[in-house]
Amino acid sequence: MKSVRITAPGTNSWVEVDKPTPGARDVLVKIKACGICGSDALYTKNGGMGLSEGAQPLGHEPAGEVVELGSEIAALGADVSGIEVGDHVVVDTMVFTDGLLGSGGAQGALSEYVLVKDFQPNHQLKSIPKHIPWEVAALNEPMAVAAHAVNRTEPKAGDKVVVFGAGPIGLGAVLGYRRRGASHVVVVDIVPSRLEKALRVGADAVINSAEEDLVARLQELHGDGASAWVRGERVGTDVFLDAAGAPSVPQTAASIAKHGATLGIVAVHKKPVELDFGGILTSELTLVWAMGYPTEIFEVTEDIVENWEKYAVIVSDVLPYDKALEALELAQNPGVADKVVVTFD
């Protein structure tokens, strides 16, 4: 079968590999869609992640169809296993027994087939209705990342929230904060098309920080957060989420946060960020970090199924599998192609 792999630092290539054969406790999944993540470019630049030798497989945002069950899994029956041949499924890529799928493990989802070894019911796979478009189903993994970021900030019903960055994770966070009962969600970005999408998925307001006074606008929307504890230009926002990855984002949020606010970091920062701890001390800002999805991978699935049209807005480009290398290149242009998904025949 064909597989996209990192064959040298900065180089992705098509590689012919053996199609997996399921053992008694395995499940074979034919990949139908796989999203491209920003980390794919990072892995490629570094020449791989986790494997000491050989070409590293790429792809960790999959959706697929169950095409073969190992004998022991088939014997369990669908009522026990939760799956049967023909099911459409989303995947927990972090619990494969042969390593993280597409992130340093032995397999990647930019391949025609993936083998779920040592299958456990309700662990690696979850069935979804067949009317959900494949490119939307492939959002399950990044939406779980966004959901974990939301959960880490522990929003309360009625909280006022600011999300920096209207890429896929930021947009997923908007939907997540809505599920958690936020009363007002603002999205900040500098790309007009991204801000328009934020409004379509449910943001109450957007701010183009390249053109507007961020503090003045947030004070207008969320109130003045200055108090006896913290003075100066403060805003009444309860939760800030950095899904942008620009050094100015955590610096700005920390400098304008009211007393007791929370700042979550889900974006990947490629360089160290300097923060004014003296200034932060007075606000008692809670700083939290979010990576992956310890519990959220299938928690988001039901919402995607129920609201798939809204999630479909997040997808910017759909390319066929034979153009997967071009898809990886295209995805490196935020604002031009924000969420690229590869679909298979």
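Below is a short write-up of the structure.

**Comments concerning the packing of helix α5 (residues 140–152) against helix α6 (residues 168–179)**
Next, step 1: Remark: α5 packs on α6, axes separated minimally by 8 Å, with the N-to-C direction vectors making an angle of 55°. On the basis of their axis angle, the class for α5 and α6 is oblique. The two elements α5 and α6 cross, and the hand of that crossing is right-handed. Judged by residue contacts, Pro 142, Met 143, Val 145, Ala 146, Ala 147, Ala 149 and Val 150 of α5 engage Pro 168, Ile 169, Gly 172, Ala 173, Gly 176, Tyr 177 and Arg 179 from α6.
Next, step 2: Of the residues that constitute the contact of α5 with α6, the class distribution is eleven nonpolar, two polar and one charged.

**A closer look at unusual backbone geometry**
Next, step 1: One non-glycine residue, Asn 122, lies in positive phi territory at about 60°.
Next, step 2: Relative to the elements of secondary structure, Asn 122 occurs in the loop between β7 (113–116) and β8 (125–128).
Next, step 3: Look at Asn 122 and you get exposed, because its relative accessible area is 64%.
Next, step 4: Positive phi outside glycine occurs at Glu 284, with the angle close to 50°.
Next, step 5: In this structure, Glu 284 sits in the loop between α10 (277–283) and β14 (286–289).

**What about the packing of aromatic side chains?**
Next, step 1: Tallied over the entire structure, the rule returns three aromatic pairs.
Next, step 2: Ring centres of Phe 164 and Phe 240 lie 6.5 Å apart, and the angle between their planes is 20°; this geometry places the pair in the stacked category. Note that Phe 164 is positioned in strand β9 (residues 160–164) and Phe 240 in strand β12 (residues 239–242), a separation of 76 residues in sequence.
Next, step 3: Residue classification places Phe 240 among the buried residues on the basis of a relative accessible area of 0%.
Next, step 4: With 4.1 Å between their ring centres and 20° between their planes, Tyr 321 and Phe 344 make a pair best called stacked. In this pair, Tyr 321 sits in the loop between β15 (317–320) and α13 (324–330) while Phe 344 sits in the segment after β16 (340–343), placing the two residues 23 residues apart along the sequence. Like Tyr 321, the residue Phe 344 is buried in the burial classification.
Next, step 5: Ring pairing ties together the aromatic residues Trp 14, Tyr 321 and Phe 344, which thus form one cluster.

Scoring rules and cut-offs
Every chain begins its residue count from 1, and numbering advances along the sequence as written. Reporting of local features is limited, given that this is a predicted model, to residues whose pLDDT is at least 70; pairs of side-chain atoms are given and counted only at 80 or more, and all residues count toward the totals for whole chains, interfaces and linings. Hydrogens are left out, water is left out, and the side-chain values use all remaining heavy atoms of the structure. For helices, the fitted axis covers only the stretch in contact; all axes are lines through C-alpha atoms, and the angles between them, taken along N-to-C directions, range from 0 to 180 degrees. What counts as a helix is a DSSP run of H or I of at least four residues, what counts as a strand is a run of E of at least two, and both are numbered from the N terminus. The cut-offs work like this: below 35 degrees is roughly parallel, past 145 is roughly antiparallel, 65 to 115 is roughly perpendicular, and the gaps in between are oblique. Less than a right angle of anticlockwise turn of the near helix away from the far helix marks a crossing as left-handed, whereas a clockwise turn marks it as right-handed. A contact between two residues is defined here by any heavy atoms of the two lying within 4.5 Å. Ten residue types, Ala, Val, Leu, Ile, Met, Phe, Trp, Tyr, Cys and Pro, are classed as nonpolar, four, Asp, Glu, Lys and Arg, as charged, and the remainder, Gly among them, as polar. A 1.4 Å probe rolled over the protein chains alone gives each residue an accessible area, and that area as a share of the maximum for its type sets the label: buried under 20%, exposed over 50%, partly exposed in between. Here the aromatic set is Phe, Tyr and Trp, taking the six-membered ring for Trp, and pairing holds for ring centres within 6.5 Å; pairs whose planes are under 30 degrees apart are stacked, those over 60 apart are edge-to-face, and all others are tilted.

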